[in-house]
Amino acid sequence: MAELARDARRRIELRGRRFPRPPATRVLTVANQKGGVGKTTTSVNLAAALAKGGLNVLVIDNDPQGNASTALGIEHRSGTPSVYEVLVDDAPLASAVRTCPDFANLWCVPATIDLSGAEIELVSMDSRETRLRTALDTYLSERDASGQDPIDYVFIDCPPSLGLLTVNAFVTAREVLIPIQCEYYALEGLSQLLNTVELMRAHLNAELRVSTILLTMYDARTNLAQQVAAEVREHFPDITLRTTVPRSVRISEAPGYGQTVISYDAGSSGALAYLEAARELAVRGVEPDQAPTSTTTTKDDGHE
Ligand code: ADP
Ligand code: MG
């Protein structure tokens, strides 16, 4: 009953709601070195929710599995212009950007299986850690120069490993969003991830910070989920979103239809949770004390 009441309230609160536009493009990488914790699900559904809230959003699928591309309904057969051509062949990002079928203001740079070779191909290349950053900066400033609407949010979906693909994402982003699954061992590996972010700050991207934690696959009926959530909130009170994402069949079904849950079943509790989380992320992004490190849509090499 409590869940039904909450969903009804959210439906009313979120209906036709427009989210606040950030002062500058926010670039987030969704990271967690564990697989299956909801990185891709979180990337695509927050992106779609922000797009539904009226913002311009780009998802860069940086995982050779191409799951984000699938969920956004974007073609990603081998040979399709993708993040691989951008990283390895210096193709402009614009040449790989596709519009998602369900939202006119949601774009995706797909990943094809070709990307699995990039990890090795990049090793011997110049500026191997900054290639994605350069490509995105150029794309954003070209959009700006041509008078197109700015992109408000960029989400980079990462593979679970810490290779050059993930390093490129950490160099490109200003913010790290960590989805945490409310289950056993959820916190294991978290300190390793935080150390990695510190290393990135020290050596490759001084602007990077963990800005957001989202608790996912939350089952309010189990003590375990409540314990994990309480522990995360205790350690990270300021950056953990109040909204938790429940375990939901609709969320897991949506990618099978090439959709996010936001378009697949907008009234479901999973969609409402992602909409609510997106609103929270957007509101925090414009509050002065929470504002992300200033970023510009012009070309800048402010990172180290
Ligand atoms: P990752 O990208 O971290 O590997 P995914 O986002 O692909 O993780 O999620 C792993 C699996 O869990 C997928 O099958 C996905 O559909 C499912 N899943 C993710 N979030 C939820 C949720 N809130 N409720 C139900 N299933 C979920
Ligand atoms: Mg994934």
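These lines cover the structure that appears in this document, whether it is placed above or below. Keep in mind that this is a model prediction, so the values were computed, not measured. Numbering of residues starts from 1 in every chain and runs along the sequence as written. Whichever chain is written first becomes A and whichever ligand is written first becomes 1, with later ones labelled in order. Local features in this predicted model are restricted to residues whose pLDDT is 70 or higher, and side-chain atom pairs enter the listing and the counts only when it is 80 or higher, whereas totals over whole chains, interfaces and linings include all residues. No hydrogens and no water enter the side-chain calculation; it runs on all heavy atoms of the structure.

## Quick look at the pairing of strand 5 (residues 153-157)
Within a regular strand, side chains alternate between the sheet's two faces.
For step 1, the next point in the chain: Each residue is placed in one exposure class: buried if its accessible area under a 1.4 Å probe, protein chains only, is under 20% of its type's maximum, exposed if it is over 50%, and partly exposed if it falls in between. Working definition: helices are DSSP H or I runs of at least four residues, strands are E runs of at least two. Numbering for both runs from the N terminus. Within strand 5, five of the five residues are buried, leaving the element largely enclosed by the surrounding structure.
For step 2, the next point in the chain: On strand 5, burial covers both faces: Tyr 153, Phe 155 and Asp 157 on one face and Val 154 and Ile 156 on the other are all buried.
For step 3, the next point in the chain: Two strands make a pair as long as DSSP finds a minimum of two bridges between them. Both strand 2 (residues 57-61) and strand 5 contribute to a ladder of five bridges, which runs parallel. Its bridge partner lying in strand 5, Ile 60 is registered against Ile 156.

## Looking at the site of ligand 1
For step 1, the next point in the chain: Close contacts around ligand 1 come from 14 residues, with Gly 36, Thr 40, Thr 41, Pro 246 and Ser 248 the closest.
For step 2, the next point in the chain: Here a polar contact is taken to be a pair of N or O atoms separated by no more than 3.5 Å, where protein atoms must pair a possible hydrogen donor with a possible acceptor and residues adjacent in sequence count only if both atoms sit in side chains. In this structure, Val 37 approaches ligand 1 through a main-chain N or O atom, which is 3.1 Å from an oxygen atom.
For step 3, the next point in the chain: Between ligand 1 and the protein, one listed contact pairs a nitrogen atom with a backbone N or O atom of Ser 248 at 2.8 Å.
For step 4, the next point in the chain: Note on areas: these come from Shrake-Rupley sampling with a 1.4 Å probe, and a residue is covered only by the protein chains present in the view. The protein chains hide 77% of the 550 Å² of surface that ligand 1 would expose on its own.
For step 5, the next point in the chain: Within the residue set of the shell around ligand 1, elements represented by two or more residues are helix 2 (39-52), strand 8 (240-246) and helix 10 (249-253). Here, proximity means that at least one heavy atom of the residue falls within 4 Å of the molecule or strand.

## What about the environment of Asn 67?
For step 1, the next point in the chain: The residue Asn 67 is located in helix 3 (residues 67-71) in this model.
For step 2, the next point in the chain: On a C-alpha basis, the gap between Asn 67 and Pro 255 in space is 8.2 Å, while along the polypeptide they are 188 residues apart.
For step 3, the next point in the chain: Should any heavy atoms of two residues lie within 4.5 Å, those residues are considered in contact. Excluding its chain neighbours within four sequence positions, the residues that come into contact with Asn 67 are Thr 40 and Asp 61.

Read these as geometric descriptors, not functional statements.
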